[in-house]
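Letter by letter, the chains look like this.
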Amino acid sequence: HVQLVESGGGLVQAGGSLRLSCAASGRTFSPYTMGWFRQAPEKEREFVAAIRWNVGTTHYATSVKGRFTISRDNTKNTVYLQMNSMKPEDAAVYYCAWQDGYRATYYLAPTYDYWGQGTQVTVSS
């Protein structure tokens, strides 16, 4: 069983930056894909970014492209989300997720196998 623990959330002013981390444990092998999703109150969980673990290929939602960067540290089994130029609409609970095996649908939450508990991000205007 995989455990994912997010950290780094908090309060930031619009235009500011935050860096989220997600540490994975419980498996001797790496995921195929790690993703970040977010969920604002009364909204559905939405895709933010994903990284193919072994090759480092990244994908982003249109709303965050150019502002957010996903990266990973293989030695620490940790995935990061660097968030810059933040906007009030970025406020949400952010979740990291682990995907076993190749799936083309890295942007769909139900295709992920394990989830972290989430970390709150608040953006003041």
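Residues numbered from 1 in each chain as written. Predicted model: local features only at pLDDT ≥ 70, side-chain atom pairs only at ≥ 80, totals over all residues. Heavy atoms only, no water.

### Structural notes on the overall build of the protein
Heads up, the condition is: Strands are runs of DSSP state E lasting at least two residues, helices are runs of H or I lasting at least four, and both sets are numbered from the N terminus onward. In this treatment the radius of gyration is a C-alpha quantity, and the globule benchmark scales as 2.2 Å times the residue count to the 0.38 power. Partly exposed describes any residue whose relative accessible area lies between the buried limit of under 20% and the exposed limit of over 50%, with all areas from a 1.4 Å probe on protein chains only and scaled to the type maximum.
A count of helical and extended segments in the protein gives zero helices and eleven strands. Scanning the protein from its N terminus toward the C terminus, one meets helices and strands in the order β-β-β-β-β-β-β-β-β-β-β. Rg of the C-alpha trace for the protein: 13 Å, near the compact-globule value of 14 Å for 125 residues, within the 12% margin. Seen through its C-alpha atoms, the protein measures out along the principal axes to roughly 40 × 25 × 25 Å. Counting over 125 residues, the protein shows a buried share of 44%.

### Some remarks on empty space enclosed by the protein
Quick reminder of the rule: Cavities and pockets were defined on a 1 Å grid built over protein atoms only: a cavity is a set of grid points that admits a 1.4 Å probe from which the probe cannot escape, a pocket is an open set flanked by protein on both sides within 12 Å along at least five of seven lines, and lining residues are those with an atom within 4 Å of any such point. Grid points are joined across faces, edges and corners, and a volume is the space filled by probe spheres set on the points.
Throughout the structure, instances matching the rule amount to one cavity of 30 Å³ or more. Roughly 40 Å³ of internal volume is contained in the largest cavity. Lining of the largest cavity is provided by Ala 24, Ser 25, Arg 27, Phe 29, Ser 30, Pro 31, Asn 77 and Trp 98.

### Focus: the pattern of salt bridges
Once their charged atoms are close, side chains differing in charge can pair, the charge on each being opposite to the other. Put simply, the test is: What makes a salt bridge here is a side-chain nitrogen of Lys or Arg within 4 Å of a carboxyl oxygen of Asp or Glu, nothing more.
Here the structure, examined in full by the defined rule, presents five salt bridges. One salt bridge connects Arg 27 with Asp 100, and the closest N-O pair in it is separated by 3.2 Å. With a gap of 73 residues between them, Arg 27 in the loop between strand 3 (18–25) and strand 4 (33–39) and Asp 100 in the loop between strand 9 (92–99) and strand 10 (114–115) connect regions that are remote in the sequence. Residue Arg 38 pairs with Glu 46 through a salt bridge whose shortest N-O separation is 2.6 Å. Given a relative accessible area of 35%, Glu 46 falls into the partly exposed group. Put simply, Arg 38, Glu 46, Arg 67 and Asp 90 are held in one network by salt bridges that share partners.

### Describing the sheet that holds strand 3
Convention followed: Strands pair, by our definition, only if DSSP identifies at least two bridges between them. Angular values range over 0 to 180 degrees, each being the angle between N-to-C directions of two axes fitted as lines to C-alpha atoms, with helices fitted over their stretch in contact.
Strand order across the open sheet formed by four strands is 1-3-8-7, with antiparallel pairing between neighbours. The strands lining the two open edges of the sheet, one partner per strand, are strand 1 (3–7) and strand 7 (68–73). Within this sheet the neighbouring strands show an average axis-to-axis angle of 15°, counted without direction. When strand 1 meets strand 3, the two strands line up antiparallel, connected through five bridges. Within strand 3, the residue paired with Ser 7 across the bridge is Ser 21.

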